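Now for the letters of each chain:
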Amino acid sequence: MKADKLNKATKASEFRHDVLWGQLHALTVIAQLGSFTKAAQRLGLSKAAVSQRISELERAMGQTLVARTTRSVRLSEAGRELVAETEASFAHITRTLGAARDSVGQARGLLRITAPVALGRQHVAPLLLSFFQQYPEIQVELDLSDRLVPLAQEGFDLAIRHTSAPPDTHVAFKLCASRALLVASPSYLQAHGAPSHPQELAQHACLAYLRPGPAAWLFERASDAGASAEPQRQRVPVQGPLRAGNSEILREAALAHQGLTLLPDFTVGPALRDGRLVEVLSDWRPVGFFGEAIYAIHPWSNTTPRPVKLLIEHLAKNMKAGFGPEVGKGAASKGHSG
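The structure displayed is predicted, hence computed values, not measured ones. (Residues numbered from 1 in each chain as written. Predicted model: local features only at pLDDT ≥ 70, side-chain atom pairs only at ≥ 80, totals over all residues. Heavy atoms only, no water.)

## Some words on the nonpolar core
When a protein is soluble and globular, its nonpolar side chains tend to lie buried together. In this structure, L182, L201, W217, V238 and L277 are the most contacted members of the largest nonpolar core, which totals 36 residues. Of all elements in the fold, only β7 (180-184), α8 (186-192), β8 (206-209), β9 (216-221), α9 (247-255), β12 (260-264) and α10 (265-273) reach the threshold of two or more residues within this core. With residues up to four places along the chain from it excluded, the contact list for V238 reads L201, C206, A208, A215, A216 and W217. Formed by 25 residues, the second largest nonpolar core is a distinct cluster that contains A115, A296, V308 and F323. (Core = buried A, V, L, I, M, F, W, Y, C linked by side-chain atoms within 4.5 Å. Buried < 20%, exposed > 50% of the residue type's maximum accessible area, 1.4 Å probe, protein only. Helix = DSSP H or I, 4+ residues; strand = E, 2+ residues; numbered from the N terminus. Contact = heavy atoms within 4.5 Å.)

Listed below in structure tokens is the structure:
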């Protein structure tokens, strides 16, 4: 047994350190992503190649660095210590190489972006087409998900998020303001009448966004006592034939005259402008449900990679006007009869 340990130590000492850099980098990526499969995707390698790199590193170090099971991957104490000592150096090398490459010639590289489904489909994806015309050497992988993914852990360079409070641990650029609107089709309002107060929504079919717990909408309005007074607030439990976790589905249900729904402006704008939907209770502002702005967010660093910066600038230029529809606003605020 002692001879085996001595042989391992001898092999480790004889192993050239410079050939371990790729293996060390693979270990840091596995630590970030917690998965051999995701690490292979990030590194552009096969899963077998990543596993081989870790095995080579373990042989060179003479100890187990990654504990593998059928359900999870976790680093040993030695693996965690090694990552802690080297991860910052690899991040610095990545930033330095990116800055050097960006300083000359055409901007190029791969950007991995995550965005909410509806916002990504309707606005982000179309803007990428004009972006590619300007920067043909930049490639984009666009992941559409309403899940708030950890950017660094899952390898994303940029997130487009609809929020009121971007995380202070990241760099956030405000692209435009956004607001929520209560809407319905003219046919629905003609058949059922338009509510003149939020409490009347309890008697209406309401198409609510799918979230945990009973559906409830919160509204506020400036107080009649003056600007210095606290706004009036009304919280209303609602129910209806459909709850869905996607604003496009709720919009289509409203267009099919199934009820009233609360939607972000970027989803409902065109239908308001052409009169297929109208705003209801325009004197009351929906609060605390959707975000109040669209942000581009990326992991903190001393410098912003040029491709990321260019894409943020492109999105900001084309989204700065926001999505607020003016046509149709207030059309049903005083109610319909019959």
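Further notes follow.
## Overview of the pairing of β12
Of all the five residues making up β12, five are buried; the element is thus mostly covered by neighbouring parts of the structure. The two faces of β12 match: L260, L262 and P264 on one face and T261 and L263 on the other face are all buried. Across four bridges, the pairing between β7 and β12 is antiparallel. By the bridge assignment for β12, V183 is matched with T261. The sheet contact formed by β8 and β12 spans two bridges and is parallel. Among the inter-strand pairings, L207 is bridged to a residue of β12, identified as T261. (Pairing = 2+ DSSP bridges.)

## Some thoughts on the packing of helix α6 (residues 117-134) against helix α11 (residues 306-319)
Where α6 contacts α11, the axes come no closer than 11 Å and their chain directions differ by 130°. Taken together, the axes of α6 and α11 are oblique relative to one another. Of the two possible hands of crossing, α6 and α11 adopt the one that is right-handed. Contacts between α6 and α11 involve L127, L128, S130, F131 and Q134 on the former and, on the latter, P307, L310, L311, H314, L315, N318 and M319. (Axes fitted to C-alpha atoms, helices over the stretch in contact; angles between N-to-C directions. Parallel < 35°, antiparallel > 145°, perpendicular 65-115°, else oblique. Left-handed = near helix turned anticlockwise from the far one by under 90°.)

## Description of the sheet that holds strand β4 (residues 138-144)
An order of β4-β3-β5-β15-β6 is seen for the five strands of this open sheet, with the pairing classed as mixed. On the outer flanks of this sheet lie β4 and β6 (170-177), each paired with one strand and no other. Taken over all neighbouring pairs, the strand axes of this sheet differ in orientation by 25° on average, direction set aside. One ladder, built from seven bridges, connects β6 with strand β15 (residues 293-299); its direction is antiparallel.

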